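Structural overview
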Amino acid sequence: MKTAIIALGSNLQNPAEQVRQAIVVLSTQPEICSLKTSSLYCTAPVGYAAQPDFINAVAIAQVSDDCTAEILLTVLHKIEQQFGRERSFRNAPRTLDLDIVDFNHETRDTDILQLPHPRAHQRSFVMKPLAEIAPDYPIGQHGTAQQIAETLSADGIQLFQAA
């Protein structure tokens, strides 16, 4: 088995439900043997700020030995398409965003994939949920999820409370 860290986010069309349903769809993929997910977090947008808040979560996936990071990325992109993802511009509002944060501690720097995710260690909406479910998980040379999360601001992120 290999371990993949997947970040989930949505800020359109009932974002909490989009993320919950994406977790269900992820768990049914043949490449994914098991899935552990964080709580949902409500977070302010990063980059392009003139958009609704996001609902974010992180999942730890145990994937089959024959699954590569590139195969997983293809699976994630297909799921995004199923959820109506449109890539109109960088950091645009979206129905669903699925990112590979880490894949079995491998390093990649290609046109389609960078591992570990180059900005994950700067994002509370990734590191705080990851620290919740895997505090000792190391992210590149930046430290463990818990260590990184403790250095990041908690402004703009809170546990999601359903209305």
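So, here's what we can say about the structure. (Residues numbered from 1 in each chain as written. Predicted model: local features only at pLDDT ≥ 70, side-chain atom pairs only at ≥ 80, totals over all residues. Heavy atoms only, no water.)

Okay, the overall build of the chain next. Counting its regular elements, the chain contains four helices and eight strands. Shown N-terminal to C-terminal, the secondary structure of the chain runs as helices and strands in the order β-α-β-β-β-α-β-β-β-α-α-β. Compactness check: the chain gives a C-alpha radius of gyration of 15 Å against a globular reference of 15 Å for 163 residues, within 12% of the reference. Summarising its shape, the C-alpha atoms of the chain cover approximately 40 × 35 × 30 Å along the three principal directions. Looking at the chain residue by residue over its 163 residues, the buried ones come to 50%. Counting only contacts in the chain whose residues sit at least 6 apart along the sequence, the fraction spanning at least 24 positions is 67%. Accessible area for the chain stands at about 8,200 Å²; split by element, carbon and sulfur atoms hold 49% of it. A distance of 3 Å separates the average location of the 12 positive side-chain charges in the chain from that of its 18 negative side-chain charges. (Helix = DSSP H or I, 4+ residues; strand = E, 2+ residues; numbered from the N terminus. Rg over C-alpha atoms; globule rule 2.2 N^0.38 Å. Buried < 20%, exposed > 50% of the residue type's maximum accessible area, 1.4 Å probe, protein only. Contact = heavy atoms within 4.5 Å. Areas by Shrake-Rupley, 256 points an atom, 1.4 Å probe, with all protein chains shown as cover. Lys, Arg positive; Asp, Glu negative; His and termini not counted. Charge placed at Lys NZ, Arg CZ, Asp CG, Glu CD.)

So, on to the state of the cysteines. Here, the word disulfide means a covalent bond between the sulfur atoms of two cysteines. Summed over all chains, the structure comprises zero disulfides. Unpaired in this structure, Cys33 has its nearest cysteine sulfur neighbour in Cys67, at a distance of 8.8 Å. (Disulfide = S-S within 2.5 Å.)

This next bit is on the pattern of salt bridges. Close approach of charged atoms lets side chains of opposite charge pair. Evaluation of the coordinates by the stated rule reveals six salt bridges. A salt bridge links Asp97 to Arg85, with the shortest nitrogen-to-oxygen separation between them at 2.9 Å. Of the two residues, Asp97 sits in strand 5 (residues 97-103) while Arg85 sits in the loop between helix 2 (69-82) and strand 5, which places them twelve residues apart along the sequence. For Arg94, the salt bridge identified is with Asp97, shortest N-O distance 3.1 Å. Under the relative-accessibility criterion, Arg94 is labelled buried at 10%. Through salt bridges with shared partners, a single network forms among Glu80, Arg85, Arg94 and Asp97. (Salt bridge = Lys/Arg side-chain N within 4 Å of Asp/Glu carboxyl O.)

Here we come to the nonpolar core. Inside soluble globular proteins, nonpolar side chains tend to come together where they are buried. Counting 31 residues, the largest nonpolar core has Leu8, Leu72, Ile79, Ile100 and Phe103 as the members making the most contacts within it. Contributing elements (two or more residues each) for this core: strand 1 (2-10), helix 1 (15-27), strand 4 (54-63), helix 2 and strand 5. Grouped together as the second largest cluster of nonpolar side chains are 21 residues, Ala7, Ala120, Ile133 and Ile139 included. (Core = buried A, V, L, I, M, F, W, Y, C linked by side-chain atoms within 4.5 Å.)

Along helix 3 (residues 124-133), eight of the ten residues are buried, which leaves the element largely enclosed by surrounding structure. Within the sequence span of helix 3, burial applies to Ser124, Phe125, Val126, Met127, Pro129, Leu130, Ala131 and Ile133.

Cis peptide bonds are those with omega within 30 degrees of zero, and the linkage from Leu115 to Pro116 qualifies with -10°. For Pro116, the location among the structural elements is in the loop between strand 7 (114-115) and helix 3. For Asn14, which is not glycine, the phi dihedral falls at a positive 60°. Looking at the element boundaries, Asn14 is found in the loop between strand 1 and helix 1. Located in the positive-phi region is His105, a residue other than glycine, with phi close to 60°. Position of His105 among the secondary structure elements: in the loop between strand 5 and strand 6 (108-109).

These results come straight from atomic positions and should not be treated as a statement about function.
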